[in-house]
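Structural overview
Chain by chain, the residues run as shown.
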Amino acid sequence: MSAQSRYVVGVDIGGTFTDIVLLDRRSGNYVVHKLLTSTADPSESVLLGISEILQSAGVGIDQLDYVVHGTTLTANTIIQRQGAAAALLVTAGFEDIIEMRNEQRYDVYDLFSEFPEPLVPAALRIPVEERMLSDGQALVALDEEKLRGQLRPLQDGKVQAVAICFLHAYANPEHEQLAKRVVEEELPDVAVSVSAEIVPHAGEYERLSTTVANAYVQPIMGNYLARLEQGLRGLGCRGNLYLMLSDGGMSTIDTARQFPVRLFESGPAAGITATARLREDAESRHLVAFDMGGTTAKICVIDGGQPLTTWDLEVARAHRFRRGSGLPLRIPSIEMVEIGAGGGSLAQVNELGLLKVGPTSTGSTPGPACYGRGGTRPTVTDALLVLGYLNPGYFLGGRLSLDRAKAESAIAREVARPLGLTVEEAALGIYRIACGQMAEAMRVHLAERGKDPRRYSLVAFGGAGPVHACEVARALKIPRVIVPPSAGIMSAGGLLMAPLAFSMLQSYPHPLAKVDATDLNDRFAELATQAKQVLVDAGVAESGMSVEWSLDLKYSGQKHTIEVPLRDQRFDAEATTAIVEDFERLYAMVHGRANKSLDIFAQAIKVRVAGPVADSGWLAQRTISREHGNAADRRQVRFLGQPAGISCPVLHRADLRPGEFEQGPVVVEEPETTTIVGPDDRIGLDSWGNLVIEIGRGTPSKAVGKETNGVVAFAR
Amino acid sequence: MVLSRSPVDDVTLEVLWNKLVSICDEAAAALYRASVSVIVGEVFDFSVAITNTDGDAIAFPTKSMPLFNGSVSLTTREILRRFPLESMREDDTFICNDPWIASGHLSDVFLASPIFSRGQVVGLAVSIAHVTDIGGSLKRIGTTEVYEEGLRIPPCRLINGGQDNADVIDFIRYNVRVPDMVLNDFYAQIGAHKVIERRIRELLEEAEAEDLQSLSDAILERSEAAMRSAIRALPTGTYEAEALTDGFLDPLLIKVGVSTTEDGDLFVDYTGSSPESRQGAINSPYACTYSETVSTIHTVLLPQVPANAGCFRPIRVIAPEGSVFNARPPAAVNIRTRAVFLADPVVMAALAHVVPDKVMAAPGQAGGYQLHGSYEGKPFLTFFMQSGGMGATAKGAGASCVFFPGTMSTGSLEVIEQHGPVLIRGKRILRDSGGDGRFRGGCGQEVVVTLRPEYEGAVTVSMHPHMLEFPASGLFGGKPGEVGKILLNGERIDKYRLHTLGGAVVLHPGGELIIKTPGGGGFAPPEKEHDRKEKSAVKRAKPA
């Protein structure tokens, strides 16, 4: 990234639309462009969109420094099972592990559960004579000649990718490397994925699953990136193409080709990155991103600008909201929880006479009853309309008009009558249950990580997020809700805020007390060198890199680990004391108390190397203009905890002034979303254009300036 | 959200019920994450529950071990009988593993702690976890009296107002092989109880309620009503099934009669089944028989309602005293799953007469393995579990290699090899082991166990393989699955040999233990046969 570079582009491909942002890094001005995604070959819409946005902005393509791309290609390829024909080389005797999984049922009460098909069929799993022991000794040498013979039948060109995963390869990768060379000689045209390169960690099923998934998408991603790169060159672009990784870092095209599985959460990671880099007056250290759309809600915890990350992802679930029904991927990823509650979630009364909301959803067709597109069953959106939260004439900025009568009759028929409630009470019940489900999922997620909700601010976006945010926050005692101004382009914008970054993980199974400091420091340094090389190859100067080391620790015998950072990237006696303290503190936050009678065990080491972080202030919106209606608009709105509807002002973001609070109840209408502020809350605007809602602080006041206990920075 | 003494409204009930289940999920996660044993941390052989002040369970985690769901209430009631609410103090924890009070064998240790809110007990937080060791014989199935099976702990205080009851803890410490591991897992259970107490206090505060009474009443009454209506939807009558299954040497005869009444009562009667065995530890105390039976009925008739004591109220389980399903002290009960897990498909076969599309053919049940030895100067003791194939259903083939009716998970082979001398030389699906049928049974697996070549010791493998003799039956003309097989150094370990060995074999370096787990039963006749019999096959065929 050269210092004088001026224009950069972020491209986010969604299922329906491709969003493009062109940023002038010198002035901080940006332009947004939206076009339909060309589903057959998404690279077409990327190239077309870039040409169009440059043309309309009057910028030459040669002035483009780089393009950052967030793609759902890896995710879609795996979820829709449209990957390459891949073969698997595996230690002889263990060909079926990929199919046997962990042998556990994911739904205790369902005799009819379905389990995901493995990505490689039995016929393409090749048993390789070799065996490593857990300490890295070779017990059986790899039979190279036999392997060559086994590979020859694959030379017919049908197999496009090969995954190699041998037992204990994390402890000694020699056999995998030898097999890789043999495959490259015998099958020169296929892509090869090697387990110890992808995730050198003990746990054969998870490593197999990750390696196989990588092989499965590698040819598809390779072709796609080649077309994209060629296309950009054809347009005259001399800048680099970068890809968003699942953990919010970006990578070069070469890294993406080698480890395409790491792009699984590329799309969502961009939106979370934008949230993590959100500029707001209070400079909150602790955020919960809350993105609620048509079918699901997603949440992600962000501490000190860093989203929580995980190396344990589960994707492509046979049963969408049941953990254990999908494929495990050991890749670095932002950690998100997905809940089956969205605007399209169906409401129904079950055999217990209880109201259930979701996880079944109507999707966009036929959609909620109020869309008038043939849907007859009541949804969350229908409830929102009945409660007065949504404006039937200004949904999606007026692009879709909503039919209140249809919403009412659907709720009356399927919810109100069976429960003996009025339509409005039934709608309120649907809303309350949806909020309750999201709050519960959020509460458990925070609690399991030892986080206190009272220290967090909830950042709401997505079409349905800000409608529910205040009630969700109230249930969790989260004191503040922030609704950023650029909700519609959070993902594309986030692409332009990510640093080049690369994470590595390696098994290091040793009791902490027995760790040889020199050996551990060498291992860390070696891993860091590998990660740095990835960034050096991408043109990042080593002086501009930040390096983080951390250890995954547990008590001896436990399976679940806690990540503890090494503050000075050095392991010695002094560091050990700090590590033990940190571990015990983090452990006690989750489990109540540390257990000093047990030995601490180091499970794995982790390294993350990142390049310089780009500015993010440009995405804020300081000047806002009103697009419809006027500030005197009011409508009847029914709130939780109120006996009847109350007359409520309907404002636009432009009606709010920094430093002033409006007493709830308030509805704030915008083209992408509607924010609902309860009677006990109050809402203000900060200097970056964010809506800031203080939960339960709605004492009638027009406080200006210095708040001692709230949004301090309003005094700016 | 006001939760007074008056009945809870529908919406509040839904919100709070979800919350109770999610509290149990959070507590379950706290338990397995803090556990230092394979059997809890990786295999998930545990459960937690919230009970009301009568001892009735009102919520379990989403992934509760069904075997425990029914007995939790019985055990908690007995604890309350001996230690009335008024005698309980904050931060008390009670312990019991008596098979006739708790979960049927000594290894499942039951803990209960009162949930205090504003100075009064509003319910109990309870948990059951399988301990890695409870002392006693390593020949786990080869015992003939409970006294050989380890330490039997009567209901007593483990923690007294926050202070460890040192006498009880020392008794345990002196009687088990890996005391640190065992005691740590107790503390993991208590940590889970603390999570429940904290969250229940928050719930009551938010709901502006004094106690859980009206919420508990609503959950139990709704669930009971739903179960009754599910039972009333069945034609009244008696539906029978029987099967000869593996015992320990002599086979077990399992006879089941399921009767339904117009009032929505359902009786499961085991009368006519084998008497309790003197040959080995395959007997079930009544509470354990009850627990597995009501869970099976719940899974078949009302799977969409989260388990709680209300779901079980309409169900009565009858097992004559002295039978294998109602064994009397001091019968050996260590592997009581032999009786109750193998009874599970017989109960389903009886229900198949009336709900053929809601049941499953018999699953191939593998039993369990415990490895014991020493490694690098330390005792080495771990569980090693493999599954068989699921039974087929009216909707499709059975899945291969899935635990049933337990909800266990298999651990990582690489991790097992890191911590002991075991060297696994193969783990494969046995492709033709599922029973044939219109829908095939799931397949079992073959695992080859050896020891590291340089290892100089020996490893005792204590095993209780089910289905070595009698296979998992099919339903409606579906074929049975393959039986399980055990080979030690090439020699077939049949039931006679296993009996002689008391279920424990010794594996030496250079030796090889091959475990083949059974396949599941098929559903309906295989296609060829089916074509001849036309479409009426399902209706006419009798459950096997």
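A brief look at the structure comes next. Please read these numbers as outputs of a predicted model, since none were measured by experiment.

Cut-off values and rules
Residues numbered from 1 in each chain as written. Chains lettered and ligands numbered in written order. Predicted model: local features only at pLDDT ≥ 70, side-chain atom pairs only at ≥ 80, totals over all residues. Helix = DSSP H or I, 4+ residues; strand = E, 2+ residues; numbered from the N terminus. Rg over C-alpha atoms; globule rule 2.2 N^0.38 Å. Buried ≥ 20, exposed ≤ 12 C-beta atoms within 10 Å, placed from the backbone. Contact = placed C-beta atoms within 7 Å. Axes fitted to C-alpha atoms, helices over the stretch in contact; angles between N-to-C directions. Parallel < 35°, antiparallel > 145°, perpendicular 65-115°, else oblique. Left-handed = near helix turned anticlockwise from the far one by under 90°. Nonpolar A, V, L, I, M, F, W, Y, C, P; charged D, E, K, R; others polar. Pairing = 2+ DSSP bridges.

Looking only at helices and strands, chain B has 14 helices and 20 strands in total. Taken against the 2.2 N^0.38 rule, which gives 24 Å for 544 residues, the C-alpha radius of gyration of chain B at 23 Å falls within 12% of a compact globule. Principal axes of the C-alpha set define a box for chain B whose edges measure 65 × 65 × 40 Å. Going through the 544 residues of chain B one by one, you find that 65% of them count as buried.

What follows deals with the overall build of chain A. A count of helices and strands for chain A gives 16 helices and 35 strands. For 716 residues, the compact-globule formula gives about 27 Å, and the C-alpha radius of gyration of chain A, at 27 Å, lands near that figure. C-alpha extents for chain A along the principal axes are approximately 80 × 65 × 55 Å. Burial analysis of chain A (716 residues in total) assigns 55% to the buried set. Across chain A, contacts joining residues at least 24 apart in sequence account for 68% of those joining residues at least 6 apart.

Residues and elements named next belong to chain A. Two elements in contact, helix α1 (residues 42-57) and helix α7 (residues 204-235), have axes whose closest approach is 9 Å; the angle formed by their N-to-C orientations is 25°. Between α1 and α7, the angle falls in the class roughly parallel. Handedness of the crossing formed by α1 with α7: right-handed. Mapping the contact onto sequence places Ser43, Val46, Leu47 and Ser51 in α1 and Tyr224, Arg227, Leu228, Gly231 and Leu235 in α7. For the contact of α1 with α7, the per-class residue count stands at 5 nonpolar, 3 polar and 1 charged.

Between chain A and chain B, the contact holds 54 residues from the first and 61 residues from the second. Counting residues per element, the ones that place at least two in the side of chain A that touches chain B are α3 (97-100), α7, α12 (423-448) and α16 (573-591) of chain A. Of the residues forming the side of chain A that touches chain B, the biggest block, 9 residues, is contributed by α12 of chain A.

This next bit is on the environment of Asp680 of chain A. Residues and elements named next belong to chain A. If you trace the backbone, Asp680 turns up in the loop between β33 (674-677) and β34 (682-685). Spatially, the C-alpha atom of Asp680 lies 4.9 Å from that of Gly696, the residues being 16 residues apart in sequence. Not counting chain neighbours up to four residues away, the residues in contact with Asp680 comprise Gly664, Gly696 and Gly698.

Residues and elements named next belong to chain B. Ordered by their spatial adjacency, 4 strands build an open sheet running β8-β9-β10-β11, and the pairing between neighbours is mixed. Two strands in the sheet have a free side with no partner beyond their single neighbour: β8 (237-248) and β11 (315-318). Each strand axis lies, on average, 15° off the axis of its neighbour in the sheet, ignoring direction. In this sheet, β11 lies alongside strand β10 (residues 266-269) in parallel orientation, the contact comprising 4 bridges. Paired with Leu266 across the two strands is Ile315, which belongs to β11.

All right, on to the pairing of strand β6 (residues 156-160) of chain B then. All names here are of chain B. Where strand β3 (residues 93-96) and β6 come together, 3 bridges link them in antiparallel fashion. Bridge pairing in β6 places Ile95 opposite Cys156. Relative to strand β7 (residues 163-164), β6 runs antiparallel, the two being bridged by 2 bridges. Bridging across to β7, Ile159 finds its partner in Asp164.

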